[in-house]
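# Descriptive structure summary
Each chain is listed here by its residues.
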Amino acid sequence: EVFAHVLQMKYLSSFGQFNKVIHKCRDLLQRLDEPLPTDISENVIMQEYAKTKAKLNALTEEDILALPDMTDKKKSTAMLILGDAVNSAVICQPYLAPLLS
């Protein structure tokens, strides 16, 4: 079912309906318990960046490369959805793009 929605996102994007892609992305991520923030500001982006940087700070390149493949189906599906939505976000909601990347 999710893959049908991902194909629909690709279809909408091909017709320039980028806001609909983002709406579909939000809906799908909510279903996967991975909601996106609704009030996005530079402050929110910087907070998320700081959290990610703190998590990665102690890891070397070798540590990162040695990590196991993702096995959580919900997380990997969310990553697929995010990857398909990022280009639409760059065009219609640029503040959202860093959170999707």
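Right above here is the structure, for reference.
Residues numbered from 1 in each chain as written. Predicted model: local features only at pLDDT ≥ 70, side-chain atom pairs only at ≥ 80, totals over all residues. Heavy atoms only, no water.

Roughly 670 Å³ of internal volume is contained in the largest pocket. Taken together, 19 residues form the lining of the largest pocket, with Glu48, Leu82, Leu99, Leu100 and Ser101 sitting closest to its centre. Contributions of two or more residues to the lining of the largest pocket are made by α3 (42–57), α5 (73–92) and α6 (97–100). It is α3 that contributes the most residues to the lining of the largest pocket, 5 residues altogether. Within this model, the second largest pocket holds a volume of roughly 320 Å³. Lining the second largest pocket are Glu48, Lys51, Thr52, Lys55, Leu56, Leu59, Ile64 and Leu67. (1 Å grid on protein atoms, 1.4 Å probe; cavity = no way out; pocket = protein on both sides within 12 Å on 5 of 7 lines; lining within 4 Å. Points joined across faces, edges and corners; volume = space filled by probe spheres on them. Helix = DSSP H or I, 4+ residues; strand = E, 2+ residues; numbered from the N terminus.)

Within the secondary structure, Ser88 sits in helix α5. For Ser88, the residues in contact, after removing those within four places along its chain, are Ser13, Phe18, Val21, Ile22 and Gln93. (Contact = heavy atoms within 4.5 Å.)

With that settled, consider the nonpolar core. With 23 residues, the main nonpolar core has Ile81 and Leu100 as its most contacted residues. Residue contributions to this core peak at 6 residues, all from α5. (Core = buried A, V, L, I, M, F, W, Y, C linked by side-chain atoms within 4.5 Å. Buried < 20%, exposed > 50% of the residue type's maximum accessible area, 1.4 Å probe, protein only.)

What follows covers the packing of helix α1 (residues 2–14) against helix α2 (residues 18–31). It is at 8 Å that the axes of α1 and α2 come closest, and there the two elements cross at 165 degrees. On the basis of their axis angle, the class for α1 and α2 is roughly antiparallel. When the axes of α1 and α2 are compared, the crossing they make is left-handed. Across the interface between the two elements, His5, Gln8, Met9, Leu12 and Ser13 from α1 touch Phe18, Lys20, Val21, Lys24, Cys25, Leu28 and Arg31 from α2. Each residue belonging to the contact of α1 with α2 can be placed in one class, and the counts come to 6 nonpolar, 3 polar and 3 charged. (Axes fitted to C-alpha atoms, helices over the stretch in contact; angles between N-to-C directions. Parallel < 35°, antiparallel > 145°, perpendicular 65-115°, else oblique. Left-handed = near helix turned anticlockwise from the far one by under 90°. Nonpolar A, V, L, I, M, F, W, Y, C, P; charged D, E, K, R; others polar.)

Here we take up unusual backbone geometry. Located in the positive-phi region is Asp33, a residue other than glycine, with phi close to 60 degrees. By the secondary structure assignment, Asp33 is in the loop between α2 and α3.

What follows covers the side chain of Thr77. Its location among the elements puts Thr77 in helix α5. Thr77 sits in the buried class, given a relative accessible area of 15%. Thr77 has contacts with Val2 and Leu32, leaving out every residue within four places of it along the chain.

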